[in-house]
Amino acid sequence: MSKMFDHITAERAQTSKAWPFDEARKLIGRLEKLAQKPETVIFETGYGPSGLPHIGTFGEVARTTMVRHAFRTLTEDKWPTRLICFSDDMDGLRKVPGNVPEREMMNQHLDQPLTSVPDPYGTHDSFGAHNNARLMDFLDTFGFDYEFFSATQCYRSGLFDETLLRILANYDKVMDVILPTLGEARRATYSPFLPVCPRTGKVLQVPMIARDEAAGAITYKDPETGEDVTTPVTGGAVKCQWKVDWAMRWVALGVDYEMAGKDLIDSVRLSGAIARILGAQPPEGFSYELFLDENAEKISKSRGNGLTIEEWLTYASPESLFLYMFASPRKAKRLYFDVIPKTVDEYLTHLASFPGLEPDRQLASPVWHIHQGEPPKAELPISFNLLLNLVSASNSEEPEVLWGFIQRYAPGATAEEHPLLDQLVAYAIKYFHDFVKPNKKYRLASERERAALAELNEKLGGLGQGASGEDIQTLVYEVGKTHDFENLRDWFRALYEVLLGQSQGPRFGNFVELYGVAETRGLIGKALEGEDLGEG
């Protein structure tokens, strides 16, 4: 990596409370305690390629990348780092996914390693290879700096051989860690090693009937023929059970940092115990909370509840998704469509405020971590919510129409000079069409609201040329107070419900400044005449 890290920034980062720096300092503490320091610090994320990459995959890689950058900042990039994205593609196919073609064909390859199952799409050598390619395309789309590792290649190349032999030598100790966590029936059949049957190619879950440490081999009974089969534990002839496999991977690859979901806390603990048995220190890491859907239920890839990565990126930028992953990683958060506008606007706010922050506060800003210490310059101060309401009030879903309003607000602004804002316009139109427009519900104003609207209309007409959003907001407040709204929020809610068909919206003065005083007076006039603002 060519990026430069300066000493002053590293010193300030030592006391930064941003969670990536907390994690990086923990990692440095771990490394300082090691008798033998690694030449390169290894960060790892794992992926199960039985399905396509999902939003959880993105979250883990994004957060790990933030910790890696924080580590590089603290160490002034003097300690080489690598990020390994590991695919457990030697796992057996347990069931055929419901969303793939050639399901009958795939059903004939159950229990075979994913890299031995033919690709139902016909584009790669195997189903595992197909999904691995999708993973790499996915990661490349976001510009992640990573190295891809395939479990199949690691097992078959001999990269894991030394550690596998170490597991065989410590077989009883490993079993002592795992067996107490299993039910009686499972304990009777459990083995850390899953032989790949030379006859069927299936990954077998069978007990061992003998093991030969000197020969580096195990013996099991073929469940179909009843014959005793002896096989080496090296060269890809076996793979390890999940928790043992995770520990084996940490040891063999020298992993220093890996985070995991809260649902894997027990797995982390058990794998850590096995890593110590094998003579290694488990990696540093933390347990992040899982995402919830609109009903506050845990998001499940198999159930398909919650948002997909593609859905988020249909309505908002990748940067906003990075912000969602940065914020409160140890807190369970709803991941549904209605979080998108708020997250987009939070990102824009952080970006706009960044240049004015003190250096220490800049290091705590999400955009510093999202953009690897180099946030781009903020463009026009127009929020996503403001654009959504502009689409609504203008009754137009044409970008050119919206840019007409924007250019009146900021003369000379163009889509070419403001590409991020142009993207935001496109996102706003899509989001409005799919989520706002179908739920808009206008209502008629009450008598008191009509009187207040009439006065607001009159006073807007008396504003001078180029009145600011702040001036307009003050005027709106004054009208609300004059008409004795007990809570001014009721007054603003009335404006949104009567004029925009929704219960909330952006700062009203800013909306009028962008949409135009004359155009806003036109809306008020139609409302006072009892016209249905939802038509047209």
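Residues numbered from 1 in each chain as written. Predicted model: local features only at pLDDT ≥ 70, side-chain atom pairs only at ≥ 80, totals over all residues. Heavy atoms only, no water.

1. Some details on the overall build of the protein
Then step 1. A tally of helices and strands in the protein yields 24 helices and 13 strands.
Then step 2. Its C-alpha atoms give the protein principal-axis dimensions of roughly 95 × 60 × 45 Å.
Then step 3. With 536 residues in all, the protein has 51% of them scored as buried.
Then step 4. Partitioning the intrachain contacts of the protein with sequence separation of at least 6 by distance along the chain shows that 68% fall at a separation of at least 24.
Then step 5. For the protein, the exposed surface amounts to about 25,000 Å²; the carbon and sulfur share of it is 49%. (Helix = DSSP H or I, 4+ residues; strand = E, 2+ residues; numbered from the N terminus. Buried < 20%, exposed > 50% of the residue type's maximum accessible area, 1.4 Å probe, protein only. Contact = heavy atoms within 4.5 Å. Areas by Shrake-Rupley, 256 points an atom, 1.4 Å probe, with all protein chains shown as cover.)

2. Observations concerning unusual backbone geometry
Then step 1. A positive phi angle is found at Q372, which is not glycine, with a value near 55°.
Then step 2. What makes Q372 partly exposed here is its relative accessible area of 26%.
Then step 3. Non-glycine residue N395 carries a positive phi angle of around 55°.
Then step 4. Within the secondary structure, N395 sits in the loop between helix 17 (384-394) and helix 18 (399-409).
Then step 5. We classify N395 as partly exposed; its relative accessible area is 43%.

3. Re the sheet that holds strand 9 (residues 255-257)
Then step 1. Strand order across the open sheet formed by 4 strands is 3-2-1-9, with parallel pairing between neighbours. Whereas interior strands pair on both sides, the edge strands pair on one side only; in this sheet they are strand 3 (147-150) and strand 9. Neighbouring strand axes in the sheet, compared pairwise and without regard to direction, differ in orientation by 50° on average.
Then step 2. Strand direction decides the pairing type here: strand 1 (residues 41-47) and strand 9, joined by 2 bridges, are parallel. Bridge pairing links F43 to Y257 in strand 9.
Then step 3. Contacting strand 1, strand 2 (81-87), strand 3 and strand 9, helix 10 (residues 242-253) runs over the sheet at an angle of about 150° to strand 1. (Pairing = 2+ DSSP bridges. Axes fitted to C-alpha atoms, helices over the stretch in contact; angles between N-to-C directions.)

4. Here's the deal with the environment of I265
Then step 1. Mapping I265 onto the fold places it in helix 11 (residues 265-277).
Then step 2. For I265, a relative accessible area of 41% gives the class partly exposed.
Then step 3. A C-alpha to C-alpha distance of 19 Å links I265 and D88, two positions 177 residues apart in sequence.

5. Considerations on the nonpolar core
Then step 1. If you look at the biggest cluster of nonpolar residues, it comprises 110 residues, and the most contacted ones within it are F58 and W491.
Then step 2. When sequence neighbours within four positions are dropped, the list of residues in contact with W491 reads A452, L453, L456, V476, V479, G480 and F485.
Then step 3. By size, the runner-up hydrophobic cluster in this structure holds 46 residues, among which are I167, Y171, L270 and L278. (Core = buried A, V, L, I, M, F, W, Y, C linked by side-chain atoms within 4.5 Å.)

6. Comments concerning the pairing of strand 7 (residues 228-232)
Then step 1. Side-chain alternation along strand 7 places V229 and T231 on a buried face and D228, T230 and P232 on a face that remains uncovered.
Then step 2. In this sheet, strand 7 lies alongside strand 6 (residues 217-221) in antiparallel orientation, the contact comprising 5 bridges. The partner of K221 across the bridge, within strand 7, is D228.
Then step 3. As consecutive antiparallel partners, strand 6 and strand 7 are separated by 6 residues, and within that stretch G226 has a phi angle of approximately 80°, a positive value.

7. Brief notes about the pattern of salt bridges
Then step 1. On inspection of all chains with the given rule, the structure shows 31 salt bridges.
Then step 2. The salt bridge partner of E284 is K26, with a shortest N-O separation of 3.9 Å. On the criterion of sequence distance, the pair formed by E284 in the loop between helix 11 and strand 11 (287-288) and K26 in helix 2 (residues 19-33) is long-range, its members being 258 residues apart.
Then step 3. When its relative accessible area of 32% is taken as the criterion, K26 is described as partly exposed.
Then step 4. Across the pair R443 and E497 runs a salt bridge, and its minimum N-O distance is 2.7 Å. (Salt bridge = Lys/Arg side-chain N within 4 Å of Asp/Glu carboxyl O.)

8. Observations concerning the packing of aromatic side chains
Then step 1. According to the stated counting rule, one finds 33 aromatic pairs in the structure shown.
Then step 2. Relative to F71, the ring of F43 has its centre 6.1 Å away and its plane inclined at 70°; by these criteria the two rings are edge-to-face. Of this pair, F43 sits in strand 1 while F71 sits in helix 3 (residues 55-74); the two residues are 28 residues apart in sequence, bridging distant segments of the chain. Comparing F43 with F71, the two get one shared label, buried.
Then step 3. Between F511 and Y515, the ring centres sit 5.4 Å apart and the planes meet at 15°, which makes this aromatic pair stacked. Of this pair, F511 and Y515 both sit in helix 23 (residues 508-515), 4 residues apart, which is roughly one turn of that helix.
Then step 4. Among the residues examined, Y515 registers a relative accessible area of 6% and is labelled buried.
Then step 5. By way of ring pairs, the aromatic residues Y315, Y336, F337, F384, Y431 and F435 are connected into one cluster. (Phe/Tyr/Trp six-rings, centres within 6.5 Å; stacked < 30°, edge-to-face > 60°.)

9. Some details on the packing of helix 17 against helix 19 (residues 419-436)
Then step 1. Between helix 17 and helix 19, the shortest axis-to-axis distance is 9 Å and the interhelical angle comes to 60°. In terms of axis orientation, helix 17 runs oblique to helix 19. Seen from above, helix 17 lies across helix 19 with right-handed handedness. Between helix 17, through F384, L387, L388, V391 and S392, and helix 19, the contact on the second element is made entirely by L421, L424, V425, Y427, A428, I429, Y431 and F432. (Parallel < 35°, antiparallel > 145°, perpendicular 65-115°, else oblique. Left-handed = near helix turned anticlockwise from the far one by under 90°.)

10. What about the sheet that holds strand 5 (residues 208-212)?
Then step 1. In spatial order, the strands read 5-6-7; together these 3 strands make up an open sheet with antiparallel pairing. In this open sheet, the two strands that pair with only one neighbour each are strand 5 and strand 7. For this sheet, the mean angle separating the axes of adjacent strands, direction not counted, is 20°.

11. A closer look at helix 10
Then step 1. End to end, helix 10 covers 16 Å across 12 residues, agreeing with the expected 16 Å (1.5 Å per residue, within 8%).
Then step 2. Helix 10 sits mainly inside the fold: 9 of its 12 residues count as buried.
Then step 3. All of the buried residues in helix 10 are V244, D245, W246, A247, M248, R249, W250, V251 and L253.
Then step 4. In the stretch just after helix 10, G254 is the one whose phi turns positive, near 70°. (Expected span 1.5 Å × (residues − 1).)

12. Structural notes on helix 14 (residues 339-353)
Then step 1. Helix length check: helix 14, at 15 residues, gives a terminal C-alpha distance of 21 Å against a target of 21 Å (1.5 Å per residue), a fit within 8%.
Then step 2. For helix 14, the complete set of buried residues consists of V339, I340, P341, T343, V344, D345, Y347 and L351.
Then step 3. Lining the buried residues of helix 14 we find helix 12 (309-315), helix 13 (318-326), strand 13 (333-334), helix 16 (366-370), helix 17 and helix 19.

13. Some words on the state of the cysteines
Disulfide: a covalent bond connecting the sulfur atoms of a pair of cysteines.
Then step 1. On inspection of all chains with the given rule, the structure shows 0 disulfides.
Then step 2. Counting only cysteine sulfurs, C240 is the nearest neighbor of C197, a cysteine outside any disulfide, at a range of 18 Å. (Disulfide = S-S within 2.5 Å.)

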